Amino acid sequence: MTDRHLPDLADPEGRYRMLRLIRGFEQLALGLVKSGAITGGIHPYIGQEAVAVGVCAALRPQDRITSTHRGHGHVLAKGADPGRLLAELCGRVGGLNQGRGGSMHAADLSLGILGANGIVGAGAPIAVGAAWAARQAGEDRVAVSFFGDGALNQGVLLESLNLAAVWRLPVLFVCENNGYATTLPAATAVAGSGTGRAAGFGIPAVEVDGMDTEAVREATELAVRRAREGGGPAFLECRTYRFEGHHTMERRMKLRYRSTEEIEHWRARDPLERAAAGLADGRRAGLDAAVDAELAEAERFALASDHPDPAGACDHLYADGLRPRAGAVA
Amino acid sequence: MTDRHLPDLADPEGRYRMLRLIRGFEQLALGLVKSGAITGGIHPYIGQEAVAVGVCAALRPQDRITSTHRGHGHVLAKGADPGRLLAELCGRVGGLNQGRGGSMHAADLSLGILGANGIVGAGAPIAVGAAWAARQAGEDRVAVSFFGDGALNQGVLLESLNLAAVWRLPVLFVCENNGYATTLPAATAVAGSGTGRAAGFGIPAVEVDGMDTEAVREATELAVRRAREGGGPAFLECRTYRFEGHHTMERRMKLRYRSTEEIEHWRARDPLERAAAGLADGRRAGLDAAVDAELAEAERFALASDHPDPAGACDHLYADGLRPRAGAVA
Amino acid sequence: MSKLSYTKALNRALGDALAEDPAVFVLGEDIGAGLAGPTLGLLDRFGPGRVVDTPLSEQAFTGMAVGAALAGRKPVIEFQIPALLFLVFEQLVNQAHKFSLMTGGQTGVPLTCLVPGSGSRDGWAGQHSDHPYSLFAHAGVKTVVPATPTDAYGLLLSAVRDPDPVVVFAPAAVLGVRENVTWELAPVPLGSARVHRPGTDVTVVAVGHLVHEALAVAEELAGEISVEVLDPRTLHPFDWAALAASLERTGRLVVIDDSNRSCGIGAEILATAAEEMRLTAPPRRITRPDGAVLPFAPALDRALQPGREQLLHAVRSVVKNPWR
Amino acid sequence: MSKLSYTKALNRALGDALAEDPAVFVLGEDIGAGLAGPTLGLLDRFGPGRVVDTPLSEQAFTGMAVGAALAGRKPVIEFQIPALLFLVFEQLVNQAHKFSLMTGGQTGVPLTCLVPGSGSRDGWAGQHSDHPYSLFAHAGVKTVVPATPTDAYGLLLSAVRDPDPVVVFAPAAVLGVRENVTWELAPVPLGSARVHRPGTDVTVVAVGHLVHEALAVAEELAGEISVEVLDPRTLHPFDWAALAASLERTGRLVVIDDSNRSCGIGAEILATAAEEMRLTAPPRRITRPDGAVLPFAPALDRALQPGREQLLHAVRSVVKNPWR
Ligand SMILES: Cc1ncc(C[n+]2csc(CCOP(=O)(O)OP(=O)(O)O)c2C)c(N)n1
Ligand SMILES: Cc1ncc(C[n+]2csc(CCOP(=O)(O)OP(=O)(O)O)c2C)c(N)n1
Ligand SMILES: [Mg+2]
Ligand SMILES: [Mg+2]
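All figures in this text were calculated on a predicted structure; none of them were measured in a lab.

The subject of this paragraph is the overall build of chain A. The helix and strand inventory of chain A stands at twelve helices and seven strands. Here the C-alpha atoms of chain A give a radius of gyration of 20 Å, agreeing with the 20 Å that 2.2 N^0.38 yields for 330 residues. Looking at chain A residue by residue over its 330 residues, the buried ones come to 65%. Put simply, of all contacts in chain A between residues at least 6 apart along the chain, 74% involve residues at least 24 apart. Counting every atom, chain A has about 11100 Å² of accessible surface; 50% of that belongs to carbon and sulfur. Averaging the coordinates of the 36 positive side-chain charges in chain A and doing the same for the 40 negative ones gives two points 4 Å apart.

Structural data, given as structure tokens:
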């Protein structure tokens, strides 16, 4: 599965296909959480697909991204194999990370995917470092840091805005403002605004409709072009919404931080429907079928992949092969 | 020395007196560093006195401050006894902290001085917490966080701006922009501007001439009045300059990060001279003499105070009196 | 009274602490919704002035808690993940812990940090599965790991009342434990160990959820080996007198500890016992491996955690092997 | 070659590392000016693309270094104060250290952290005087504490070449040490201990600057007690084979370690020795007290640090007291 073609996001069909792939992947994953094939649950990306797809449509294969706890969409849109991502979620040896990372750490360094991340905000300085390295090497690669509205209040992210700005690095900060950090409304947590903050660091910042793939793509293209030409970082705030709970765990809880009306309001703005509306007549069904087939194959691959051998539980703990002392001495 | 009167900063004479006290205190301390009576050196505040005095002139005794590694000016202006501060710098039992804290940790909780601090930016959230506590108690106390331009890039400080803003707390953030964080020019380290950043968090922010005590006082009064009335935090950027090196250690090094012209330019704007110009004819000499007498007494007090007994080295390690196990068991 | 769950015990301790002392307040992420359990219902009962939902700014709100403590309040912070303690190491260890000594005793910092769900939770992987209590014992912050619901109640209440910073770890693996409580819940002094089961051949010191594993092993070995199970409850300050008394009886020591091996609390217990106490055989410890990072796949995750089989083996071997 | 100072050795290692591998770069605060010593002259020699002065944003620039490492670079961060490591615990322990395992071996993070002036510096007080190396040994980050100029050179060079994160502590108390170097400077493998002085009665394991104290004590006791002085040099991974070999000879162990007592490397060494090695008498350790905060006044500061007198006493008592 390693020599597969990278997904083509250059045209609207390709982008719709990816939106649909992410949506279908998450639905498949939700089922596997329920069945127990995925342990620990996931943070579903459903509803936010336009951001990952719109941004990645403006990137090149050698560009790099850092992602979040809610990372499947970014990882897929940047080109990761759905079967290997799903195998990772299932903790199998065929997974992107050999089953060692799981949902929150899915990475494919060969595709410039420097990892989902379990710590809010942690990806931002990593993207800054990748951008710095590219700039020093004279390459015109950019780095994208995806993060949520919650991350706007993380010190390391704010420090990263300054580093990127003061060094004029080719970084794109993409804030996916889905209105909530878990149960906390952004309105009561984020003073000022995301774009206002970025502007305070001297970073050009725009707000984009995060339910509109094309709007996201266009804004990203502008920012990325400027960054490649040495114009420094940019900040995109994508107003979006997650249709599901924060985490699959939420399904078992009775939380009331979002009203049914609010959820319905946003569901009516489904990015998939919007993208589908732009497709040529009759194309949708074919694309859907192709995606469904790909997902079926991904599921087959993932579930056929072996569980890792517990004897290798410490494999890769050190890159130099150092074996740690075991936890019990007989 | 505990029932001394708090310094009166209500009129220009009182403010000049305090400027002169801080200046004289620092010069005295510089001498004691040289003589070895003060171990470890100090970060002299000389040149920046107008900020401490201007800000504290607008405060009440029950207001609270958090300070920095360069804290003597703030601590004195908020009313600490110069003799006890000097004794602290000399590590004597008569010191503010019984000789346990030294220059970088000088504190007098009874005066609302929550401590100098050895970690850049660390005082900011502490001031936020003090302001929160005051607000919850229904008191109209404010809290002031002093910090340097270097701290503008510390994550915890940026997070603190958000907390203060989103909770509308009575905190005043006072940035003393002296142009450098050690050797690093603010111009190459701080993207955007301090005030721009604060504004990005929705905090009213003004720039003030930090060499002008009256300008600082007036800006502080406005901000403090609004904060007491529930109007939330404010941010003051005071453009100032340190006449000495970053730390007394610097005297032994040949560093060239500041030009002689630049230093001369700022020395010509000495806040003491400016304040002196506003005094009634002939008053200056008398005030100077009074301050010199007070400093002589402070020195006498400090040097007469006992060195602490090494047997008490772990005293106060825990507030409940817990004695730690010693480092060696016979 | 009937079955009390561990999480409910934490919840009750917080409620009682808030009720008994107006200086107490609780802050953290999603605590209004009671997401993690210990704060459930507290917002309704005490209002937003005492139960404070915070933005995602661990450093600032921990520093804020320090400032509030300096102004006379008693903050309790709930952290959603053990790794968040890494983010606030400066505020906790370098500020809160040091204020008392550095100010020459002018003030303490009565701050409590509660980490419900520490250690491994199946499927949460490398960044959410640490058990970093030994780091705080090393730094000198009071460190508590309750093993039972009543201890969870009593230790958390004492932690909140304590004038110093305290970190309370509530291991994920005990959150579901329930206890039949027939007596009045009461505070448990910090620094006091508990002998869960007396024995004469070997002392097993077990930390947190591993107390239950140790009890199971003791039961399994009953008749063959008489195992004393000692729960230190507080890792710093440690109840060394209780350990010494136990070793006077048994002379043999096995520690089971869910932190990384090197410089963990297991090391400390073995070292102190070897230095100062009666040992008739080489001691043993069961821990995570050195520098462990828990892999995601459940079987790998479990393979790195100390377990019953290893303990059984260690207890048997300690009884067989005197000093060489 | 003539007298090489410890700081100069660090400086030379950085220069050689930058010269030999274009992937290497150095970053930190005031490193262009060479304020702390180890980076002196490097900016002039290698330019601002390889020697990067950073804003005061420890978390972001440490995370940035991780990102640069993932993109193929080999960053070396100089930290001005040991406590700054507390600020970046997340980036170092929870990100850099974990990437290799969590990515299933896709990448390592070849990041070196250098802390010149760790431990107490007279007059720098509570927040600038920690010696937190045991925290990193516990977390599993490779941890190095060189005691001599040639070791400082050799270990730092190996650290920079290493594919994993490494923290190098250069204790303030050895920065002034000079050594007559008559041989070619060379890398020293991580994880290899060094016997500074052979002996037959007691093994003294000394960390960092305390190696020099141990040598002085050994000299003072010569004729009375034959002391072997072992410098582990790397605390994680630890050269357990060297310790075992030494204890086969001596059977007696004293550790002198400038970190806090509980869960420090001293505890680890005693614990491992007690578990696995030959000990004919209870081992001893000299450390800072539990949870130590160094007070400002110089005499108080010194009172909390492990010293020669205590070591002398411990060595004598270990020789006198077999197991009871
Ligand atoms: C630094 C940090 N704090 C807290 C958490 C626990 N946590 C995980 S996701 C999350 C909410 C994040 O909100 P946001 O950044 O808006 O992303 P979203 O979940 O909405 O996609 C929280 C609090 C964490 N992982 N890291
Ligand atoms: C978080 C942190 N990083 C680094 C240091 C070392 N350090 C002490 S003062 C200082 C410069 C601070 O600059 P600034 O905030 O502008 O204050 P100034 O010294 O100019 O008054 C540095 C880097 C520290 N104490 N804390
Ligand atoms: Mg969100
Ligand atoms: Mg400055």
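Now that the structure has been shown, we can carry on.
Every contact between the two is made by 19 residues of chain B and, on the other side, 19 residues of chain A. Here chain B packs against chain A, burying approximately 1300 Å² in sum over the two surfaces, 58% of which is carbon and sulfur. Remark: the boundary between chain B and chain A carries zero salt bridges. On inspection of chain B and its partner chain A, the count reaches ten residue pairs in polar contact (both at pLDDT 80 or more). Broken down by element, the side of chain B that touches chain A gets its largest block of residues, six residues, from helix α6 (residues 155–166) of chain B. A per-class count over the side of chain B that touches chain A returns seven nonpolar, ten polar and two charged.

What follows concerns the packing of helix α10 (residues 265–276) of chain C against helix α11 (residues 265–276) of chain D. Close contact between α10(C) and α11(D) brings their axes to 8 Å; oriented N to C, the two are set at 70 degrees. As judged from the angle between their axes, α10(C) and α11(D) are roughly perpendicular. When you trace α10(C) past α11(D), the crossing you get is left-handed. Where α10(C) approaches α11(D), its residues Ala267(C), Glu268(C), Leu270(C), Ala271(C), Ala274(C) and Glu275(C) are matched on the opposing element by Ala267(D), Glu268(D), Leu270(D), Ala271(D), Ala274(D) and Glu275(D).

What follows deals with the coordination of the magnesium ion (ligand 3). Residue and element names in this part refer to chain A. At the metal site, the magnesium ion (ligand 3) is ligated by Asp 149 (OD), Asn 178 (OD1) and Tyr 180 (O), and these contacts range over 2.1 Å. Considered as a linear motif, the donors of the magnesium ion (ligand 3) on their single chain read D-x28-N-x1-Y. One end of the pair, Asp 149, is in the loop between β2 (143–148) and α6 (155–166); the other, Tyr 180, is in strand β4 (residues 180–181), with 31 residues separating them in the sequence. Its relative accessible area of 9% is what places Tyr 180 among the buried residues.

Moving on to unusual backbone geometry. Backbone torsion omega between His236(C) and Pro237(C) reads -5 degrees, so that peptide bond is classified as cis. By the element assignment, Pro237(C) lies in the loop between β12 (234–236) and α9 (240–250). A positive phi is found at Arg233(D), a non-glycine position, where the angle reads about 65 degrees. Take Arg233(D): it is sitting in the loop between β11 (227–231) and β12 (234–236).

For the rest of this paragraph, the subject is the sheet that holds β12(D). Residue and element names in this part refer to chain D. Strand order in this open sheet of seven strands is β3-β2-β4-β5-β7-β6-β12, and the pairing throughout is mixed. Edge positions in the sheet fall to β3 (51–53) and β12, since each has one partner strand and no second. Each adjacent strand pair in this sheet contributes to an overall mean axis angle of 20 degrees, direction not counted. Pairing geometry for strand β2 (residues 24–28) and strand β4 (residues 74–78), over five bridges, is parallel. Residue pairing in the sheet places Val 26 in a bridge with Val 76 of β4.

Turning our eyes to something else, we now look at the UniProt feature "domain: Dehydrogenase E1 component" (unreviewed entry) in chain A. Under the UniProt annotation, "domain: Dehydrogenase E1 component" (unreviewed entry) lies at residues 19–279 of chain A. With 41% helix and 12% strand, residues 19–279 of chain A has end C-alpha atoms that lie 13 Å from one another.

As a further point, take the sheet that holds β12(C). Backbone-to-backbone hydrogen bonds join strands into a sheet, with any given pair of strands oriented parallel or antiparallel. Residue and element names in this part refer to chain C. Across the sheet, seven strands lie side by side as β3-β2-β4-β5-β7-β6-β12; this open sheet has mixed pairing. Since the sheet does not close on itself, it has two edges, and those belong to β3 (51–53) and β12, each with one partner. Taking each pair of neighbouring strands and ignoring which way they run, the sheet shows an average axis angle of 20 degrees.

Moving on to the interface of chain C and chain D. In this complex, chain C contributes 53 residues to the contact, which on the side of chain D involves 53 residues. With both chains or domains summed, chain C and chain D bury close to 4700 Å², and 56% of this area falls on carbon and sulfur atoms. Three residues, His138(C), Cys263(C) and Glu275(C), lead the burial of chain C against chain D; their summed loss comes to 17% of the area buried on that side. Inspection of the region where chain C meets chain D yields eight salt bridges. Salt-bridge contacts for Glu268(C) lead to Arg285(D); the nearest nitrogen and oxygen are separated by 2.8 Å. The set of elements that each furnish at least two residues to the side of chain C that touches chain D consists of α4 (84–87), α5 (89–102), α6 (133–139), β13 (253–260), α10 and β14 (284–288) of chain C. Each residue belonging to the side of chain C that touches chain D can be placed in one class, and the counts come to 24 nonpolar, 16 polar and 13 charged.

Once that is clear, we can look at the relation of the copies chain B and chain A. Turning one copy of the chain about an axis and sliding it along that axis gives the other copy, so a rotation and a shift relate them. In screw terms, the move from chain B to chain A is a rotation of 180 degrees and a rise of 0.0 Å along the axis, fitting with an RMSD of 0.0 Å. Both chain copies can therefore be described as sitting about a two-fold axis. For chain B, the residue whose C-alpha comes nearest the rotation axis is Gly155(B), separated from it by 1.8 Å. When the interface residues of chain B are mapped onto chain A, 100% of them again fall at the interface, so both copies present the same face.

This part covers the confidence of the model for chain C. Atom-level detail of predicted coordinates should not be read off regions where pLDDT is low. This prediction gives chain C a mean pLDDT of 97; 99% of its residues lie at or above 70. Model confidence for the complex is summarised by a pTM of 0.98, with the ipTM given as 0.98.

Turning our eyes to something else, we now look at the packing of aromatic side chains. Considering all chains together, one arrives at 22 aromatic pairs over all chains under this definition. Pairing Tyr241(B) with Trp266(B) gives two aromatic rings, centres 5.2 Å apart and planes at 5 degrees, and the pair type is stacked. Of the two residues, Tyr241(B) sits in the loop between β7 (234–239) and α10 (260–267) while Trp266(B) sits in helix α10, which places them 25 residues apart along the sequence. The exposure class of Tyr241(B) is buried, given its relative accessible area of 1%. Between Phe136(C) and Phe169(C) the ring centres are 6.2 Å apart and the planes differ by 50 degrees, which places this aromatic pair in the tilted class. Placement of the pair is Phe136(C) in helix α6 and Phe169(C) in strand β7 (residues 166–171), with a sequence separation of 33 residues. On the basis of relative accessible area, Phe136(C) is assigned to the buried category, the value being 0%. Following the ring pairs from residue to residue traces out a cluster consisting of Phe86(C), Phe89(C), Tyr133(C), Phe136(C), Phe169(C), Phe86(D), Phe89(D), Tyr133(D), Phe136(D) and Phe169(D). Cation over ring: Arg121(D) sits above Trp124(D), and NZ or CZ is 4.6 Å from the ring centre.

Once that is clear, we can look at the relation of the copies chain C and chain D. Note on the copies: chain C fits chain D at an RMSD of 0.0 Å, the axial shift is 0.0 Å, and the rotation between them is 180 degrees. A shared interface surface links the copies, since 100% of the contact residues of chain C are contact residues in chain D too.

For the rest of this paragraph, the subject is the pattern of salt bridges. Applying the stated criterion to the full structure yields 80 salt bridges over all chains. One salt bridge in this structure joins Glu139(B) and Arg141(B), with 3.3 Å as the shortest N-O distance. Residue classification places Glu139(B) among the partly exposed positions, given a relative accessible area of 36%. Given the relative accessible area of 22%, Arg141(B) is considered partly exposed. Between Glu268(C) and Arg325(B) there is a salt bridge, with the nearest N and O atoms lying 2.7 Å from each other. Of the two residues, Glu268(C) is situated in helix α10 and Arg325(B) in the segment after α12 (283–304); the pairing between them involves two chains. Arg325(B) matches Glu268(C) in its accessibility class, with the two residues each being buried. Bridged by salt links that share partners, the residues Arg325(A), Arg261(C), Arg285(C), Asp290(C), Glu268(D) and Glu275(D) form one connected network.

With respect to spatial proximity, 22 residues lie near ligand 2, and among them His69(B), Arg70(B), Gly150(B), Asn178(B) and Glu58(D) are the closest. Taken together, the residues near ligand 2 originate from chains B and D. Contact distances for ligand 2 include 2.8 Å between an oxygen atom and a side-chain N or O atom of Asn178(B). Take His246(B): an N or O atom from its side chain is 3.4 Å from an oxygen atom of ligand 2.

Residue and element names in this part refer to chain B. Listed as protein donors to the magnesium ion (ligand 4) are Asp 149 (OD), Asn 178 (OD1) and Tyr 180 (O); their distances from the metal cover 2.1 Å. Mapping the donors of the magnesium ion (ligand 4) onto the primary sequence yields the spacing D-x28-N-x1-Y. With a gap of 29 residues between them, Asp 149 in the loop between β2 (143–148) and α6 and Asn 178 in the loop between β3 (171–177) and β4 (180–181) connect regions that are remote in the sequence. Of the residues examined, Asp 149 reaches a relative accessible area of 2% and is grouped as buried.

Right, let's talk about the site of ligand 1 for a bit. Inspection of the region around ligand 1 gives 22 residues, with His69(A), Arg70(A), Gly150(A), Asn178(A) and Glu58(C) positioned closest. Positioned at a junction of chains, ligand 1 has nearby residues supplied by chains A and C. One of the backbone N or O atoms of Gly150(A) is found 2.8 Å from an oxygen atom in ligand 1. A distance of 2.7 Å is found between an oxygen atom of ligand 1 and a side-chain nitrogen or oxygen belonging to Asn178(A). When ligand 1 sits alone it has 580 Å² of accessible area, and the protein chains cover 96% of it. Breaking the shell around ligand 1 down by element, the ones donating at least two residues are β4 of chain A together with α4 of chain C. Residue composition of the shell around ligand 1, grouped by class: nine nonpolar, nine polar and four charged.

Reading the values: rules and limits
Residues numbered from 1 in each chain as written. Chains lettered and ligands numbered in written order. Predicted model: local features only at pLDDT ≥ 70, side-chain atom pairs only at ≥ 80, totals over all residues. Heavy atoms only, no water. Helix = DSSP H or I, 4+ residues; strand = E, 2+ residues; numbered from the N terminus. Rg over C-alpha atoms; globule rule 2.2 N^0.38 Å. Buried < 20%, exposed > 50% of the residue type's maximum accessible area, 1.4 Å probe, protein only. Contact = heavy atoms within 4.5 Å. Areas by Shrake-Rupley, 256 points an atom, 1.4 Å probe, with all protein chains shown as cover. Lys, Arg positive; Asp, Glu negative; His and termini not counted. Charge placed at Lys NZ, Arg CZ, Asp CG, Glu CD. Buried area = accessible area lost by both parts, 1.4 Å probe. Salt bridge = Lys/Arg side-chain N within 4 Å of Asp/Glu carboxyl O. Polar contact = N/O pair within 3.5 Å; in protein donor to acceptor, adjacent residues only side chain to side chain. Nonpolar A, V, L, I, M, F, W, Y, C, P; charged D, E, K, R; others polar. Axes fitted to C-alpha atoms, helices over the stretch in contact; angles between N-to-C directions. Parallel < 35°, antiparallel > 145°, perpendicular 65-115°, else oblique. Left-handed = near helix turned anticlockwise from the far one by under 90°. Donors = N, O, S within 2.8 Å, 3.2 Å for Na, K, Ca; no water. Pairing = 2+ DSSP bridges. UniProt positions renumbered as here; feature names shortened; annotations may be inferred. Least-squares fit on C-alpha atoms with pLDDT ≥ 70 in both. pLDDT = per-residue confidence, 0-100. Phe/Tyr/Trp six-rings, centres within 6.5 Å; stacked < 30°, edge-to-face > 60°. Lys NZ or Arg CZ within 6 Å of the ring centre and 35° of its normal. Near = heavy atom within 4 Å.

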